[in-house]
Amino acid sequence: MQQYLETAVRAARAAGAMQKERLWSEHDIEFKGEINLVTEVDKACEDLIVRTIRAEFPDHDILAEENDYAAVNSPCKWIIDPLDGTTNYAHGFPWFCVSIALEIEGIVQTGVVYHPMMGEMFIAIKGQGAFVNGRQLHVSSKGPLKNCLLATGFPYDRSWDNENNFNNFMNFQMTARAVRRFGAAALDLAYVAAGRLDGYWECKLKPWDVAAGQLLVSEAGGKVTNHDLEPFSVYDHRILATNGIIHQEMAGVLASKESRSALAD
């Protein structure tokens, strides 16, 4: 497992260096949807990461955000977000990261989230804990919900689809100390693992958004489920990740009539 982790760290560090170097350059921006951006740096970083991994493990499968890779039916699958926080990046807002995870026989076994602007490398191996720059991570001990800082995000189709997370956001603004919307799901999860955030929820996410981060939270002593308190899979599109203390409270807010009403419209 250590060899897998070392490869992921090396790939993430190289991609992060590229992101930091090119941040305030003029970017070639394309659209995958009405407001869903991709830059030339996203593509270059994905190419760099995939080449680094395939040089070591050519028979492994790859699931990544920007390209489709032919399946080889390996028990090992790398799940890659080469640049989480692309909208931030395209605007020169320095909040973004690299996220790389390795799933073996359907279970995420190792994950890396690298925040290049802060120089923080978050790592986890299943059953061995979570760390940032060599320091072990622990989720916070804060509670109840009214004393807690939360984070979330909003889907790209928020202007025309009812599941836009707006009701949830308003309800948590009324019940928690504060809610932040930073724009990089993997970093939100890493910050829950580090105890800097107490809880995080979101919907309409992809496996590459959450694969590494959810492992960090679990290995730091936190709790990760879907919004209905069922065991979480990286292929679910709704995530709830907390320090464990406020998990039931947050699930209650998500299950409230006001939060659910938008989905029924």
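Cut-offs and rules
Residues numbered from 1 in each chain as written. Predicted model: local features only at pLDDT ≥ 70, side-chain atom pairs only at ≥ 80, totals over all residues. Heavy atoms only, no water. Helix = DSSP H or I, 4+ residues; strand = E, 2+ residues; numbered from the N terminus. Buried < 20%, exposed > 50% of the residue type's maximum accessible area, 1.4 Å probe, protein only. Contact = heavy atoms within 4.5 Å. Areas by Shrake-Rupley, 256 points an atom, 1.4 Å probe, with all protein chains shown as cover. UniProt positions renumbered as here; feature names shortened; annotations may be inferred. Pairing = 2+ DSSP bridges. Axes fitted to C-alpha atoms, helices over the stretch in contact; angles between N-to-C directions. Parallel < 35°, antiparallel > 145°, perpendicular 65-115°, else oblique. Left-handed = near helix turned anticlockwise from the far one by under 90°. Nonpolar A, V, L, I, M, F, W, Y, C, P; charged D, E, K, R; others polar. 1 Å grid on protein atoms, 1.4 Å probe; cavity = no way out; pocket = protein on both sides within 12 Å on 5 of 7 lines; lining within 4 Å. Points joined across faces, edges and corners; volume = space filled by probe spheres on them. Domains from an automatic or database assignment.

**Q** I'd like a description of the overall build of the protein, backed by residues and values.
**A** Along the protein, the regular secondary structure elements total 8 helices and 14 strands. Residues counted as buried form 57% of the 265 residues belonging to the protein. Considering only residue pairs separated by 6 or more positions, the protein has 62% of its internal contacts joining residues 24 or more positions apart. Roughly 11700 Å² of accessible area belongs to the protein as shown, and the carbon and sulfur atoms make up 49% of that amount.

**Q** Can you lay out the UniProt feature "binding site: Mg(2+)" (unreviewed entry) in the protein for me, pointing to particular residues and giving the numbers?
**A** UniProt records the feature "binding site: Mg(2+)" (unreviewed entry) for E65, D81, L83, D84 and D209 in the present numbering. A maximum C-alpha distance of 9.8 Å places the annotated residues, which cover 145 residues in sequence, within one compact spot. When neighbours within four sequence positions are excluded, L83 is seen to be in contact with Q19, V41, D42, Y89, F96 and C97. Among the secondary structure elements, D84 is positioned in strand β4 (residues 76–84). Given a relative accessible area of 7%, D84 falls into the buried group. Residues within four places of D84 in sequence aside, it is in contact with F96, C97, A184, A185, A186, L187 and D209.

**Q** Would you mind going over the pairing of strand β14 (residues 238–242) in detail, with residue names and values included?
**A** The buried fraction of β14 amounts to 4 of the 5 residues, a majority that puts the element mostly inside the structure. By the bridge criterion, 5 bridges tie strand β12 (residues 199–203) to β14 in an arrangement that is antiparallel. Its bridge partner lying in β14, Y200 is registered against A241. Where strand β13 (residues 223–225) and β14 come together, 3 bridges link them in antiparallel fashion. When the sheet's bridge partners are listed, K223 is paired in β14 with T242.

**Q** So what's going on with the packing of helix α1 (residues 2–22) against helix α2 (residues 40–56)? Residues and values would help.
**A** Relative orientation of the contacting elements α1 and α2 amounts to 155°, with a least axis distance of 9 Å. When the axes of α1 and α2 are compared, the pair comes out roughly antiparallel. In this structure, α1 crosses over α2, and the sense of that crossing is right-handed. Touching Q3, T7, R10, A11, A14, A15, M18, Q19 and R22 of α1 are E40, V41, A44, C45, L48, I49, T52, I53 and E56, all from α2. Tallied by class, the residues present in the contact of α1 with α2 amount to 10 nonpolar, 4 polar and 4 charged.

**Q** I'd like a rundown of the layout of surface pockets, residues and numbers included.
**A** As a volume, the second largest pocket reaches approximately 180 Å³. If you trace the second largest pocket, you find it lined by E103, G106, I107, V108, K126, Q214, L215, S218, V224, F232, S233 and V234. Secondary structure elements with two or more residues in the lining of the second largest pocket: β6 (107–115) and α6 (207–219). In terms of residue count, α6 provides more of the lining of the second largest pocket than any other element does, 3 residues in total. Class assignment of the residues belonging to the lining of the second largest pocket gives a composition of 6 nonpolar, 4 polar and 2 charged. Both domains that furnish three or more residues to the lining of the second largest pocket are identified here as domain 1 (1–136) and domain 2 (145–262).

**Q** Residues and numbers for the sheet that holds β6, please.
**A** Strand order in the open sheet made by the 7 strands is β3-β4-β5-β6-β7-β8-β9, with mixed pairing throughout. Only two strands of the sheet have a single neighbouring strand rather than two, namely β3 (61–64) and β9 (135–136). Contacting β3, β4 and β5 (97–104), α2 runs over the sheet at an angle of about 150° to β4. Its contacts with the sheet place helix α5 (residues 185–193) against β4, β5, β6 and β7 (120–125), and it is angled at close to 100° to β6.

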